[in-house]
Amino acid sequence: MPGAIEDYALLGDLQTAALVGLDGGIDWLCLPAFDSPACFAALLDDERAGRWRIAPAGHGHATRRRYRGHSLVVESEWDTAEGTVRLVDCMPPRGEAADVVRVVEGVSGRVRMRMWLRLRFDYGSVAPWTRYGGHGLSAIAGPDAVWLNTTVALSEIAGAVCAEFAVSAGDRVPFVLTHTPSHLPQPTPVDPFRAVADTVGFWENWISRCRYRGPWDAAVRRALVTLKALTYAPTGGIVAAATTSLPEQLGGPRNWDYRYCWLRDATFTLQALLGTGFVDEARAWREWLVRAVAGDPAKLQIMYGTDGRRRLPEYTVDWLSGYEGSAPVRVGNAAADQLQLDVWGEVLDCLHLAREAGLPTHDVAWDLQRALLDHLEGHWDEPDNSLWEVRGPRRHFVHSKVLAWAGVDRALHTVEHHGLDGPVDRWRRLRDRIHAEVCEHGFDARRGTFTQFYGSQGVDAALLLLPRVGFLPWDDPRVRGTVDAVRHHLCRDGLVLRYQPDADGGVDGLPGTEGAFLACSFWLADALHATGRTEQARALFQRLLDLRNDVGLLSEEYDTVNRRHVGNTPQAFSMVGLINTARELAGSHTRTSADTDEQDLTDRDDTTL
Ligand SMILES: OC[C@H]1O[C@H](O[C@H]2O[C@H](CO)[C@@H](O)[C@H](O)[C@H]2O)[C@H](O)[C@@H](O)[C@@H]1O
């Protein structure tokens, strides 16, 4: 039985990620990449689907746990009747192969320990052939080979690899699990102690480039490290979360695979990284983007594989029972084929912002912007699936139209401020036309609010973003009315739903309901602050900070009834929301290109940037 979603800490090597629970069990690990089949999938079933646990014999949850400094090295400690023991877990920066390093350290007394490893390739379905030799083993099946190196004796019990040993104060017992494609020879084993030190050094060095200084510094840095850990270093792509199919409703079917690169999530992530000083990541992402979307702009997808792959067919993994019975488990994501008009606007905004942030003007990037804009010009007035990826009928979603407006607006800014070439008069007319249409059809004067889509009876938390992209100012009565309507209709226990799933006869085409969406809750805090209700904004932000788990992570949503994290974890959207709201409340504006006229990025030298 897996732990609560909030029980998990993240390990990662910038190519893949593992989740380690409070009880010392790694319940999720895909090798060699984020979206590879899992070799530990207990998270979505039970230990028969693969798990690796190290803990004091007969003990459950660790007494305390933390990341070492700002790194992704997790230290779990158990106080037991026999003494205290520490488990140090990490994935060192990728060298020759992918490694998971676990070191048991005796702190006091003499503690009996138990290691239990059950490798199951291909999401729990393939038990490898295991060969033992000395203090190690190799496990091979199909394309995968895994080696375990340790200093303690291993044995096999009921299909699992076990070790019983004891540690006294000062003892260190290492375990190194290494993966390679099965046709390659065993790689040179890493030195586990050096690997831990290198991992700490890597992350401390990376975060030292952070230019945010202000309140909530530790929370912001942890969020940034998490975003970086969701980056696939070889290509610069950024995944939306480390997992698939953690449910948006416990026991329900709203279970999706987030191990891909959504243009929307990635652009939000980039805005947070750029705003805190991480320009190299923006450069890598722009390169990734230009490669991924090259070709016909009509064929732009809303998401890609981390390598830019377009085909992400969705299928169900029926042999896994799902997290706490939440079936189906899905691999791939059918949303890849949807029309989500906001993405054109977000990409145009992000490319513009990258340029404003000092990335050199790049002809290919401008060619891409122009091609995207040409396509948007011919398609902005079509109904779409919206940023929420509804699986019901396409509609004229207000947020999508506003982001189309923003895309045109950013292209105009680029021409005006960077001397690039474009048909500005035509684009100005287009921008004005979209604006007028949204204000006419997307605003309900009777209720004083923008609506989820033209003619809708529902509202949408994404409407909180309208002033942020510069569509209308925060003091416009239509904006204030919309903020109030979102609060009134979408708040549950003070947190914000994306929309009312049952409005307009059911907009998303899915059964069941879902938790409060944490990114939207951060957007409400920003909106309260921007409309002069800073105390309420701070209170909401504090509430959201309090929802982080013991190591500072947030999943996608929060179940306000069961008081639990729900949805995939850790989710970039949520961590981005934390960073942006901290910056807003600290007085360092989250820049969108809508601001660049007035601010001209002078805040690049602010201490809080
Ligand atoms: O709720 C239905 C949709 O949920 C997922 O999409 C959500 O996550 C994406 C990644 O973070 C985000 O970009 C999107 O805005 C969210 O709605 C799921 O991936 C979709 O397949 C699903 O239809």
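Fair warning: this is a prediction, and the values are worked out from it, not measured in the lab. (Residues numbered from 1 in each chain as written. Predicted model: local features only at pLDDT ≥ 70, side-chain atom pairs only at ≥ 80, totals over all residues.)

Engineer: So what exactly am I meant to see when it comes to the overall build of the chain here?
Structural biologist: The helix and strand inventory of the chain stands at 14 helices and 28 strands. Since a compact globule built from 609 residues should have a radius of gyration of about 25 Å, the 24 Å found for the chain is in line with a globular shape. By its C-alpha atoms, the chain is 75 × 50 × 45 Å across when sized along the principal axes. Sorting the 609 residues of the chain into buried and exposed places 55% on the buried side. In the chain, the proportion of contacts linking residues at least 24 apart, taken out of those at least 6 apart, comes to 67%. (Helix = DSSP H or I, 4+ residues; strand = E, 2+ residues; numbered from the N terminus. Rg over C-alpha atoms; globule rule 2.2 N^0.38 Å. Buried ≥ 20, exposed ≤ 12 C-beta atoms within 10 Å, placed from the backbone. Contact = placed C-beta atoms within 7 Å.)

Engineer: Sorry, what's going on with the domain arrangement of the chain here?
Structural biologist: Size of an interface, as often reported, equals the accessible area lost when the parts are brought together. Once the domains are mapped, the chain shows domain 1 (5-182) and domain 2 (209-592). Between domain 1 and domain 2, the C-alpha centre-to-centre distance is 34 Å. Taken together, the contact pairs 28 residues of domain 1 with 34 residues of domain 2. Split by residue class, the side of domain 1 that touches domain 2 holds 18 nonpolar, five polar and five charged. (Domains from an automatic or database assignment. Nonpolar A, V, L, I, M, F, W, Y, C, P; charged D, E, K, R; others polar.)

Engineer: Explanation requested: the site of the ligand in the structure shown.
Structural biologist: In the region of the ligand, 14 residues are neighbours, and Ala 240, Trp 256, Trp 262, Ala 335 and Glu 389 sit closest. Taken together, the residues that form the shell around the ligand break down as eight nonpolar, one polar and five charged. (Near = placed C-beta within 6 Å.)

Engineer: What is the right way to look at the UniProt feature "domain: Trehalase-like N-terminal" (unreviewed entry) in the chain in this model?
Structural biologist: Feature annotation in UniProt places "domain: Trehalase-like N-terminal" (unreviewed entry) on residues 4-146, given in this structure's numbering. Along residues 4-146 the backbone is 3% helical and 54% strand, and the end-to-end C-alpha distance reaches 28 Å. (UniProt positions renumbered as here; feature names shortened; annotations may be inferred.)

Engineer: Just to check I follow, could you spell out the sheet that holds strand 28 (residues 564-566) for this structure?
Structural biologist: The strands that make up a sheet are held in pairs by hydrogen bonds between backbone atoms, and each pair lies either parallel or antiparallel. Pairing in this open sheet of three strands is antiparallel, and the strands run 26-27-28 from one edge to the other. Each end of this open sheet is capped by a strand with a single partner; those strands are strand 26 (516-517) and strand 28. When strand 27 (residues 557-559) meets strand 28, the two strands line up antiparallel, connected through three bridges. Bridging across to strand 28, Asp 559 finds its partner in Arg 564. (Pairing = 2+ DSSP bridges.)

Engineer: I keep staring at the pairing of strand 3 (residues 25-30) and nothing clicks. Help me out?
Structural biologist: The side chains of a regular strand alternate between both faces of the sheet. In terms of burial, strand 3 is largely enclosed, as six of its six residues are buried. Taken together, the two bridges between strand 3 and strand 5 (residues 51-56) define a ladder with antiparallel strand orientation. Bridge pairing in strand 5 links Gly 25 to Arg 53. As paired strands, strand 3 and strand 4 (residues 38-40) are joined by two bridges and run antiparallel to one another. Bridging from a neighbouring strand, Leu 29 pairs with Phe 40 of strand 4.

Engineer: Any chance you could explain unusual backbone geometry here in plain terms?
Structural biologist: As a rule of thumb, non-glycine residues mostly have phi less than zero, and peptide bonds are mostly trans rather than cis. Backbone torsion omega between Leu 31 and Pro 32 reads 5 degrees, so that peptide bond is classified as cis. With respect to the helices and strands, Pro 32 occurs in the loop between strand 3 and strand 4. With an omega dihedral of 5 degrees, the bond running from Ala 327 to Pro 328 counts as a cis peptide bond. Among the structural elements, Pro 328 can be located in the loop between strand 20 (315-316) and strand 21 (330-331). One non-glycine residue with positive phi stands out, namely Ser 245, at about 70 degrees. Tracing the chain through its elements places Ser 245 in the loop between strand 17 (237-238) and strand 18 (261-262). For Glu 389, which is not a glycine, the phi torsion comes out positive at approximately 60 degrees. Relative to the helices and strands, Glu 389 is located in the loop between helix 7 (363-379) and helix 8 (398-418).

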